[in-house]
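# Structural features, examined
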Amino acid sequence: MALSGAHKDRGELRILENLDELSTDLADYISELSEVSVKERGVFSIALSGGSLIGLMGKLCEAPYNKTVDWGKWYIFWADERVVAKNHADSNYKLAKDGLLSKVPIVPSHVHSINDSLSAEEAANEYEFVIRQLVKTRIVSVSDVSDCPKFDLILLGMGLDGHVASLFPNHSVLDEKNEWVTFITDSPKPPPERITFTLPVINSASNVAVVVTGSSKAEVVHLAIDDVEADCPSLPARMVQPAKGKLVWFLDMPAASKVDGPQFSE
Ligand SMILES: O=C(O)[C@H](O)[C@@H](O)[C@H](O)[C@H](O)COP(=O)(O)O
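What counts and what doesn't
- Residues numbered from 1 in each chain as written.
- Predicted model: local features only at pLDDT ≥ 70, side-chain atom pairs only at ≥ 80, totals over all residues.
- Helix = DSSP H or I, 4+ residues; strand = E, 2+ residues; numbered from the N terminus.
- Rg over C-alpha atoms; globule rule 2.2 N^0.38 Å.
- Buried ≥ 20, exposed ≤ 12 C-beta atoms within 10 Å, placed from the backbone.
- Contact = placed C-beta atoms within 7 Å.
- Pairing = 2+ DSSP bridges.
- Axes fitted to C-alpha atoms, helices over the stretch in contact; angles between N-to-C directions.
- Near = placed C-beta within 6 Å.
- Nonpolar A, V, L, I, M, F, W, Y, C, P; charged D, E, K, R; others polar.

### What to know about the overall build of the protein
Across its full length, the protein carries 7 helices and 12 strands. Taken over C-alpha atoms, the radius of gyration comes to 17 Å for the protein, in line with the 18 Å a tight globule of 266 residues would show. Its C-alpha atoms give the protein principal-axis dimensions of about 45 × 45 × 40 Å. Looking at the protein as a whole, 45% of its 266 residues qualify as buried. If you take every contact in the protein between residues at least 6 apart in sequence, the share linking residues at least 24 apart comes to 75%.

### Remarks on the sheet that holds strand E12 (residues 246-252)
Strand order in the open sheet made by the 7 strands is E1-E2-E12-E11-E8-E3-E4, with mixed pairing throughout. Among the strands making up the open sheet, the edge pair consists of strand E1 (3-6) and strand E4 (74-78). Mean inter-strand twist for the sheet, computed between neighbouring axes without regard to direction, equals 15 degrees. As judged from the 5 bridges shared by strand E3 (residues 44-48) and E4, these two strands associate in the parallel manner. Along E4, the bridge assignment pairs isoleucine 46 with isoleucine 76. Relative to the sheet, helix H1 (residues 19-41) contacts strand E2 (12-16), E3, E4, strand E8 (153-157), strand E11 (207-212) and E12, its axis offset from that of E12 by approximately 160 degrees.

### Brief notes about the site of the ligand
Near the ligand you find 15 residues, and of these Ser49, Gly50, Gly51, Ser52 and Gly157 are the closest. Broken down by class, the residue content of the shell around the ligand amounts to 4 nonpolar, 8 polar and 3 charged.

### Describing the pairing of E12
Most of E12 is tucked away, with 5 of its 7 residues classed as buried. In the sheet, E2 pairs with E12 via 5 bridges, with the strands oriented parallel. Within E12, the residue paired with isoleucine 15 across the bridge is leucine 251. Alignment of E11 against E12, held across 6 bridges, turns out to be parallel. Along E12, the bridge assignment pairs alanine 209 with valine 248.

### A look at unusual backbone geometry
Working note: non-glycine residues mostly have negative phi, and peptide bonds are mostly trans. At the junction of alanine 63 and proline 64, the peptide bond is cis and its omega measures out at 0 degrees in the coordinates. Mapping proline 64 onto the fold places it in the loop between helix H2 (53-56) and helix H3 (65-68). Proline 191 follows proline 190 through a cis peptide bond whose omega is -5 degrees. Checked against the element boundaries, proline 191 lands in the loop between strand E9 (181-184) and strand E10 (194-197). The backbone of arginine 138 shows a phi angle near 65 degrees, a positive value even though the residue is not glycine. In this structure, arginine 138 sits in the loop between helix H5 (120-136) and strand E6 (141-142). Of note in this structure, alanine 165 is not a glycine but carries a positive phi near 45 degrees. Inspection of the secondary structure puts alanine 165 in the loop between E8 and E9.

### Observations concerning the environment of serine 143
Among the structural elements, serine 143 can be located in the loop between E6 and strand E7 (149-150). Looking at serine 143, the number of C-beta atoms within 10 Å reads 21, which means it is buried. Here the alpha-carbon distance between serine 143 and asparagine 203, two residues 60 residues apart in the chain, equals 9.8 Å. Those residues in contact with serine 143, other than ones at most four positions away along the chain, are Cys148, Lys150 and Ser204.

### A short note on the pairing of E2
Across the 5 residues that make up E2, a large majority, 4, are buried. Inspection of the sheet shows E1 paired to E2 by 4 bridges, in the antiparallel sense. Considered in E2, the bridge of leucine 3 is made with isoleucine 15.

### Side note on the sheet that holds strand E5 (residues 80-82)
In space, the 3 strands of this open sheet follow the order E5-E10-E9, with antiparallel pairing throughout. Both outer strands of the open sheet, E5 and E9, are each paired with one neighbouring strand and no more. Strand-to-strand twist in this sheet, taken as the mean axis angle between neighbours without regard to direction, amounts to 15 degrees. Direction of pairing for E5 relative to E10: antiparallel, over a ladder of 3 bridges. Each residue of the ladder has a partner; that of glutamate 81, found in E10, is isoleucine 195.

Laid out in structure tokens, this is it:
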């Protein structure tokens, strides 16, 4: 690891030398959380996003992780999904299936993808219902500060505009306090129709990791992490603030290049 440290109240920053090191550190982090969770709860509930994240998780399909991770205990969810068929190039399910899930021994019935035969609204409602059933059986834990599900890990990417999952800046979806899963039909990033976890669900997780790479995102990483709240109160990535859980940022050097002088240890 290049640099690591706590950054004010914005969680832990892990700044990696290059994409290869970032992928290894991310695989270590996920496999360690999986081990802890399986030991404590017998299962590991993990929610994925789309975008470059899945490619950066690729090391999990290689040795030693492909053999050491207890894949049979994993339950997979999506923090957001695009409303397209599961075999469509834009599908986050397809991205994860091709890049990860088809390469490791996950139990097919543990893969909780979003129903692609419904409208965005119906699919969001159905997905919330599915999660409610899994909360009842404690496959997904429950938060002790809200009635929200407490996923063991939610993995997020961040867009150039600071969006996470399908929570976009200045969108009313950011104000959703009651639903666990909601939908939008006007995403500024195509495709327009999407389903997304809401902020209360993201902020109820035991662990949230935001994985961001590339110099084009350096400015928005700075806005999301540093002490600039007055300038960007509604930046979605800034609103990721787990109430009791742990937030970790995985950044490569270019993405971290504008972060204010962090006090790090090598
Ligand atoms: O389905 C999606 O579009 C995502 O879940 C979205 O939130 C993504 O994670 C960011 O846009 C970052 O994507 P990149 O890492 O590819 O820039």
